[in-house]
Amino acid sequence: MKAKFGDNVVFSRAQNLERVSGQVATIQGVGSKTILLVLITLISALATMFILGPLKVLSAYFIIWIITFVLLMIMSFNPTAARVLAIPYAILEGMTVGAISGVVAIAIPDAGLLIPGLALSITMTIFLGASVLYATGVIRVSGFFRRFMYTLLLGVVITSLVVMIAGFFNGQIYELFYGVNSGIALLISIIMVIISSLYVVISLDNATMIVDAGMDKTFEWYAAFGILLNIIWLYYEVLRLLIILSQRDR
């Protein structure tokens, strides 16, 4: 049996995973590995903020981004590599999250660590809430839902690229869509939080289909990695929304 894994790039090659361990994936296995990757990301982020220093790490952001992108591509095309590369990826992503969060704390001194801390709390609350709603069947992921979400996200990506290019020629356009005092920017940020929240549900459904399809246990790392991607994306969107809210009318 082969499952259809939706539009998350991390799951798109699931059906090509070969038997490696001789055991099948379980929900408990995916859950434990997801928790492990999230904890590693969090520890790495905190170490970056309070030990390594966010500005120092941010200065090497381009190198870190290249490495994480390469790891992402390797795991996307070779799912079995996730059992080895998922943890290094979580460490590097944690460094990026910590650097950006630390810079936010520095740039908005009156809020300090409140904004990153609140963003983390909201992110985990949304994730846990989505998990409960999905597990209890309140939210179901249908084929139409997946196609709708994919189309919606594709529209957002295309619009963002157009705005970014137009912003190079007209700063007012960029300010309109991304400025902290722009009502449109606030609305877009809220929409992106909703979209990233719904994609968490899709990732959970992808993991469930992996288990239902009886795929190899090695794929638990791959599934956990995909869920981690969505959690990090959700955190960034929540963080951006809180930054906009905190800086409006200043």
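See the structure printed just above.
Residues numbered from 1 in each chain as written. Predicted model: local features only at pLDDT ≥ 70, side-chain atom pairs only at ≥ 80, totals over all residues. Heavy atoms only, no water.

A. A look at the side chain of Ser101. Relative to the assigned elements, Ser101 resides in helix H4 (residues 82-107). For Ser101, a relative accessible area of 1% gives the class buried. When residues no more than four places from it in sequence are discounted, the contact partners of Ser101 are Met49, Pro116, Tyr235 and Leu239. (Helix = DSSP H or I, 4+ residues; strand = E, 2+ residues; numbered from the N terminus. Buried < 20%, exposed > 50% of the residue type's maximum accessible area, 1.4 Å probe, protein only. Contact = heavy atoms within 4.5 Å.)

B. Representation of helix H1 (residues 27-52) within the structure. In a regular helix each residue adds 1.5 Å, so 26 residues correspond to 38 Å; H1 covers 35 Å between its end C-alpha atoms and thus fits that length. Considered for burial, the residues of H1 that qualify are Gly29, Val30, Lys33, Thr34, Leu37, Val38, Ile40, Thr41, Ser44, Ala45, Thr48 and Met49. Those residues of H1 that are buried are in contact with helix H2 (54-58), H4, helix H5 (114-135), helix H8 (183-212) and helix H9 (219-247). (Expected span 1.5 Å × (residues − 1).)

C. Geometry of the environment of Ser101. Each C-alpha atom of the pair Ser101 and Leu113 lies 8.2 Å from the other, and the pair is 12 residues apart in sequence. Polar contacts involving the side chain of Ser101 include one to the side chain of Tyr235, which spans 2.6 Å. (Polar contact = N/O pair within 3.5 Å; in protein donor to acceptor, adjacent residues only side chain to side chain.)

D. Quick look at the pattern of salt bridges. Inspection of the entire model under this criterion finds four salt bridges. The partner of Lys217 in a salt bridge is Glu220, with the nearest N and O atoms 3.0 Å apart. With a relative accessible area of 25%, Lys217 lands in the partly exposed category. Its salt-bridge partner being Glu237, residue Arg240 comes within 3.2 Å of it at the nearest N-O pair. Of this pair, Arg240 and Glu237 both sit in helix H9, three residues apart, which is roughly one turn of that helix. What makes Arg240 partly exposed here is its relative accessible area of 27%. (Salt bridge = Lys/Arg side-chain N within 4 Å of Asp/Glu carboxyl O.)

E. Local environment of the nonpolar core. Leu37, Met75, Tyr89, Ile115, Phe225 and Ile227 are the most contacted members of the largest nonpolar core, which totals 65 residues. Taken together, the elements giving at least two residues each to this core come down to H1, helix H3 (61-77), H4, H5, helix H6 (143-169), H8 and H9. By residue number, the principal contributor to this core is H9, which donates 19 residues. Filtering out sequence-adjacent residues up to four positions away, Met75 remains in contact with Ala81, Ala82, Leu85, Ala86, Tyr89, Tyr222 and Phe225. (Core = buried A, V, L, I, M, F, W, Y, C linked by side-chain atoms within 4.5 Å.)

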